[in-house]
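Per-entry structural report
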Amino acid sequence: MIKISSVSLFNSMLGLVLMLLTPINSSAKDNANILQATGLSDKVIEVTASPIKNLDMVVLKGGGVVYVSKDGQFLFEGRMIGESPEGPVDLTAPIERQGRAKTIDSISSEKFITYKAKGDLISYVTVFTDVGCPFCQKFHKEIDELTSAGIGVRYLPFPRSGVNGKDFAPLKSIWCAKNPKDAMDSAMKNRRIPEASC
């Protein structure tokens, strides 16, 4: 059984987490009001009780988790750490992973550039990539090894400098190319690819 000590809770809230305390108008007395006041109400997937009395866990679209006091006075974002016989355990991370996996699984397959596994599919890796990223280029060199081992690779664009930065245009050209895989292969080898738009 996992129990939460005051020390681990204090440390998790102060030392280990990004914490955001948001006091709101005293007339707001429930979760719905604070979630609406902070602009999160349309992102809520689920609200459940947390292991701490009078504190609810709110799962958001995209896998985020926030905690809200039942009286609607406080909202915080961060890690909830509990104790178990094996030692401290992060109670927030598994919920976040499940939410992120659901979000990625909801993305249409046409949005991915996919390198299929050779033979039986064991699993797949979803990679948020940027062709200007040296690690991404190194990873791309290992795709044949991964696919030969039964691991499929699915790319999604992630321009590190944002949509107004230099990394966006090459990614846009890759995803809009007539053959996105060929464009990806060329770009990852630092070859020039034709501009494309869609």
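Residues numbered from 1 in each chain as written. Predicted model: local features only at pLDDT ≥ 70, side-chain atom pairs only at ≥ 80, totals over all residues. Heavy atoms only, no water.

**Some thoughts on helix H3 (residues 93-105)**
Within an α-helix, residues lying three or four positions from one another point in the same direction, as the helix has 3.6 residues per turn. Over its 13 residues, H3 runs 18 Å from end to end, which matches the ideal 18 Å to within 8%, given 1.5 Å per residue. Among the residues making up H3, those that are buried are Ala93, Glu96, Gly99 and Ile104. Each buried residue of H3 sits inside an arc of 135° when the element is viewed along its axis, so together they form one side. Among the exposed residues of H3, those pointing more than 90 degrees away from its buried face are Lys102 and Asp105. On its buried side, H3 packs onto strand E3 (65-69), strand E6 (87-90), strand E8 (123-129) and strand E9 (151-157). (Helix = DSSP H or I, 4+ residues; strand = E, 2+ residues; numbered from the N terminus. Expected span 1.5 Å × (residues − 1). Buried < 20%, exposed > 50% of the residue type's maximum accessible area, 1.4 Å probe, protein only. Arc of directions from axis to C-beta. Contact = heavy atoms within 4.5 Å.)

**Overview of the pattern of salt bridges**
The full count for this structure, using the stated rule, is 7 salt bridges. Here Arg79 makes a salt bridge to Glu96, at a shortest N to O gap of 2.6 Å. Here Arg79, found in the loop between strand E4 (75-77) and strand E5 (81-84), pairs with Glu96, found in helix H3; they are 17 residues apart in sequence, far enough to count as distant. Relative accessible area serves as the criterion here: at 27%, Arg79 is assigned to the partly exposed category. In this structure, Lys166 and Asp167 form a salt bridge, with 3.5 Å as the shortest nitrogen-oxygen distance. Owing to a relative accessible area of 67%, Lys166 belongs among the exposed residues under this scheme. A relative accessible area of 7% means that Asp167 is categorised as buried. Among the ionic contacts, a cluster of salt bridges with common partners joins Arg79, Asp90 and Glu96. (Salt bridge = Lys/Arg side-chain N within 4 Å of Asp/Glu carboxyl O.)

**As for the sheet that holds strand E7 (residues 113-115)**
With respect to topology, 3 strands assemble into an open sheet ordered E7-E9-E8, the strand pairing being mixed. With one partner strand each, in any of the chains shown, E7 and E8 form the two edges of the open sheet. When strand polarity is set aside, the average angle formed by the axes of neighbouring strands in this sheet is 20°. When E7 meets E9, the two strands line up antiparallel, connected through 3 bridges. In the sheet register, Tyr115 faces E9, and the bridge partner there is Val153. (Pairing = 2+ DSSP bridges. Axes fitted to C-alpha atoms, helices over the stretch in contact; angles between N-to-C directions.)

**Focus on the pairing of strand E1 (residues 44-49)**
Of the pairings in the sheet, the one linking E1 to strand E2 (residues 55-60) comprises 5 bridges and is antiparallel in character. Paired with Glu46 across the two strands is Val59, which belongs to E2. The turn joining E1 and E2, which pair antiparallel and follow one another in sequence, is formed by 5 residues; a positive phi near 65° is taken by Asn54.

**Notes on the state of the cysteines**
In total, this model carries 1 disulfide according to the counting rule given. Covalent S-S linkage joins Cys176 and Cys198, the inter-sulfur distance amounting to 1.9 Å. In this structure the cystine formed by Cys176 and Cys198 twists about its S-S bond by roughly -65°; its chirality is therefore left-handed. With Cys176 in helix H6 (residues 168-176) and Cys198 in the segment after helix H7 (180-188), the pair connects residues that are 22 residues apart, well separated along the chain. Since its relative accessible area comes to 17%, Cys176 is described here as buried. When its relative accessible area of 75% is taken as the criterion, Cys198 is described as exposed. (Disulfide = S-S within 2.5 Å.)

**Side note on unusual backbone geometry**
The phi torsion at Asn54 lies on the positive side, around 65°, for a residue other than glycine. Mapped onto the elements of the fold, Asn54 is located in the loop between E1 and E2. Given a relative accessible area of 45%, Asn54 falls into the partly exposed group. One non-glycine residue, Asn190, lies in the positive phi region at around 60°. Turning to its location among the elements, Asn190 is positioned in the segment after H7. Residue Asn190 is classed as exposed on the basis of its relative accessible area of 60%.

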